[in-house]
Amino acid sequence: MKLKTENRINPLSAKQLTIIGLVITLAIFLRFYNLDYQSLWSDESSTAYQAQQSTIKNLWQKKHQHDPNNAILHPLLVYFHIKLVDSRTEFHLRFLPAIFGIGSIFLFFMCAIRLFDFKTSILGSTLLAISPIHIHYSQEGRFYSLLVFVILINFFIFLKLLKNSSSKKIWFLYFLSTSVCFWTHILSMYYLAGLFWFLAFKGKKFRSILLRFVISSFISLLTYFPSLIYWIKNKS
């Protein structure tokens, strides 16, 4: 395994692009194979019930009544998807998680290639593509694969931030993607704690951006407060 000293991507050859394509193709097959084989289980039924509401307002209310510990982004996306395809089958309720699972393979590679050589990056991507756990949660109509997907987007932006911390555009994208992480699941804060630990204790040359990182992450957390306040008010 070779760790890169610079956070940048070298141009990929046609052979390397073909290998990536084969890994993604394998991931597509494994995540869509028998996607609707099993009927919905209890938590998936909860998501289906929320997404089938007639309005977003009703979705917001039912989500906080029946699934208060999880954020609203995933059921909201499912809501728009089933409205678009006009179908409420198991396949369509699990369609988006499968797509996010496939997208995670590509994002994992894009993050890894900025840190390691091609062989290490493609090996990690292949292992994720055939991972039984990742396949299982990519075929489940819940938020799990979406959470991995948005965290990988955030981490990719974080890597770009380390390279160009003066870019306002990248800082805005970091804030936006971090907010999306919180609106996917509040436990994203543990992932962010890991980034904080890296900046504070391991990345000495990156400590100059630590304060901006904390402020940006905290403001992103504030965007989640309306949902948290609504839940507290209706619980009391």
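Source: prediction; values computed, not measured.

With that settled, the discussion passes to the packing of aromatic side chains. Geometry of an aromatic ring pair is reported as the spacing of the ring centres plus the angle between the planes. Here the structure, examined in full by the defined rule, presents 18 aromatic pairs. Summarising the aromatic geometry, the rings of F29 and Y33 are spaced 5.5 Å apart at their centres and angled 35° between planes, so their arrangement reads as tilted. By the burial criterion, F29 is exposed, and Y33 matches it. Among the aromatic side chains, those forming a connected cluster through ring pairs are F155, F158, W171, Y174, F198, F206 and F213.

It is worth spelling out the nonpolar core at this point. I105, F109, L162, Y174, L199 and F213 are the most contacted members of the largest nonpolar core, which has 55 residues in total. Examining the composition of this core, we find that 11 residues originate from one element, helix α8 (residues 144-163), more than from any other. Not counting chain neighbours up to four residues away, the residues in contact with Y174 comprise N154, I157, L161, L192, F213, S216 and S217.

Further remarks concern the side chain of S125. Relative to the helices and strands, S125 resides in helix α6 (residues 118-129). S125 sits in the buried class, given a relative accessible area of 1%. The residues contacting S125, other than those within four sequence positions of it, are V23, I105, F108 and F109.

Now for the environment of K160. Tracing the chain through its elements places K160 in helix α8. When its relative accessible area of 31% is taken as the criterion, K160 is described as partly exposed. C-alpha of K160 to C-alpha of Y174: the two residues are 14 residues apart in sequence and 9.5 Å apart in space.

This paragraph deals with helix α5 (residues 90-112). The end-to-end C-alpha distance of α5 is 33 Å, a good match for the 33 Å that 23 residues give at a rise of 1.5 Å each. L96 marks where α5 bends most, by close to 30°; the proline P97 follows one to four residues later. For α5, the buried fraction is high: 17 of the 23 residues fall into the buried class.

Rules and cut-offs
Residues numbered from 1 in each chain as written. Predicted model: local features only at pLDDT ≥ 70, side-chain atom pairs only at ≥ 80, totals over all residues. Heavy atoms only, no water. Phe/Tyr/Trp six-rings, centres within 6.5 Å; stacked < 30°, edge-to-face > 60°. Buried < 20%, exposed > 50% of the residue type's maximum accessible area, 1.4 Å probe, protein only. Core = buried A, V, L, I, M, F, W, Y, C linked by side-chain atoms within 4.5 Å. Helix = DSSP H or I, 4+ residues; strand = E, 2+ residues; numbered from the N terminus. Contact = heavy atoms within 4.5 Å. Expected span 1.5 Å × (residues − 1). Bend = angle between axes of the 7 residues up to and from the residue.

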